[in-house]
Amino acid sequence: MTDRLVYWAYALGWGLLKHLPERVARGLFDQLADYAWRKRGKRVLQLEANLRRVRPGLDEAAMRELSRAGMRSYLRYWMESFRLPVWSRERVARDVRVDGFENLRAAMESGRGAVITLPHMGNWDLAGTWVAQQGYPFTTVAERLKPERLFDRFVAFREGQGMEVLALTGGSVNVIGTLARRLREGRLVCLVGDRDLSEAGIGVSFFGEPTRMPAGPSALCQRTGAALLPVTLWYDGPVLRARIHPEVPVPEEGDRKERTRAMTQAMAEVWERGIREHPQDWHMLQRFWLADLPARETVEAAPAERAEAAPEPAAEASGA
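Note that the coordinates shown come from a computational prediction; the quantities given were computed from them, not determined experimentally.

A. Main features of unusual backbone geometry. Positioned with a positive phi, Arg 40 is a non-glycine residue whose angle comes to about 55°. With respect to the secondary-structure elements, Arg 40 resides in the loop between α2 (22-39) and α3 (42-54). A residue is classified by how much of its surface remains accessible, and Arg 40, at 29% relative accessible area, is partly exposed. At Phe 207, a residue that is not glycine, the phi angle is positive and equals roughly 55°. Residue placement: Phe 207 occurs in the loop between β6 (202-206) and β7 (209-213). We classify Phe 207 as buried; its relative accessible area is 11%.

B. Representation of the packing of aromatic side chains in the model. Within the structure shown, the criterion is met by 14 aromatic pairs. Between Phe 206 and Phe 207, the aromatic rings sit 5.0 Å apart at their centres with planes inclined by 80°, giving edge-to-face as the arrangement. Taken as a pair, Phe 206 and Phe 207 share a single burial class, namely buried. Aromatic side chains Trp 282 and Trp 289 sit 5.9 Å apart centroid to centroid with 80° between the ring planes, which places their arrangement in the edge-to-face category. Like Trp 289, Trp 282 is buried. Through a chain of ring-to-ring contacts, the aromatic side chains of Phe 29, Tyr 74, Tyr 77, Trp 78, Phe 82 and Trp 124 assemble into a single cluster. Sitting above the plane of the Tyr 235 ring, Arg 76 keeps its charged end 3.7 Å from the centroid.

C. The sheet that holds strand β3 (residues 138-142), seen in detail. Pairing is mixed across the open sheet formed by 7 strands, whose spatial order is β1-β9-β8-β2-β5-β3-β4. Of all strands in the sheet, those bounded by a partner on one side alone are β1 (96-99) and β4 (163-167). Averaged over all pairs of adjacent strands, the angle between strand axes in this sheet comes to 25°, irrespective of strand direction. When strand β2 (residues 114-118) meets strand β8 (residues 227-236), the two strands line up parallel, connected through 4 bridges. Across the sheet, Ala 114 pairs through a bridge with Ala 227, a residue of β8. Packing of helix α9 (residues 175-184) onto the sheet brings it into contact with β2, β3, β4 and β5 (188-192), and relative to β4 it is tilted by some 155°.

The rules behind the values
Residues numbered from 1 in each chain as written. Predicted model: local features only at pLDDT ≥ 70, side-chain atom pairs only at ≥ 80, totals over all residues. Heavy atoms only, no water. Helix = DSSP H or I, 4+ residues; strand = E, 2+ residues; numbered from the N terminus. Buried < 20%, exposed > 50% of the residue type's maximum accessible area, 1.4 Å probe, protein only. Phe/Tyr/Trp six-rings, centres within 6.5 Å; stacked < 30°, edge-to-face > 60°. Lys NZ or Arg CZ within 6 Å of the ring centre and 35° of its normal. Pairing = 2+ DSSP bridges. Axes fitted to C-alpha atoms, helices over the stretch in contact; angles between N-to-C directions. Contact = heavy atoms within 4.5 Å.

What follows is the structure, given as structure tokens:
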């Protein structure tokens, strides 16, 4: 699909779906999910490959049902996000339930600031809207999309929900430095952090296999004194559930790199438990574990020594 068609497909979603009756929109996206699931394209096959790590004991029929539920959950995220701009505050309050909010409140009231980190679970845009409506607007980072005007639409959508959005690449703003300033001001930063996009992440064990996760959340908390708060999300019928887990503490021993690795591993273990409980709501349709990466990429980055030795993302140079 060309960039032009991609843009107009998303524009149609934002422009049309918010006007459809809820039942019609939900039924349409369930049908789209089932169609994609039956085609067994590369993203569905990769989703199943990822889910086999999460639920290794499932037979083929049970795995197919789980992947179907996963595709429906993933398309539900898009359906809700397209309709979110017209949801009232009362609708958001009704459809989101959060456990552990006291962990976030305590960190923010202390003046330290906080970094909320979450995997690609449930609907992170809806959860972020709920957090902003509690009086905690936040800063986040978005991967730059093509075409450029599609990225601009995503930024406008998220800013309309109370988020400050920084482009991961290609912008004039120093991302790490800006995030650090927000935290030193006692503000909130939210980052989706289960998939490393820099190829310089921290080596962790996840469901018993090596992968990489971004070092940024743990490194930022060490440098600024902010609290690191992992979050898990899942759907419970019509409601989006979220759990803000207790703070991941900075280890007392080790150098900065060792502390960053320990914190990132602890964060990964929190997500691992949440994903194991609600695997259908983990929207990981891309290659994730090092064993699934192309040989060249694995050779360059898979060894633990290389992953652990990777520099923190521009933190020193930026003054973060």
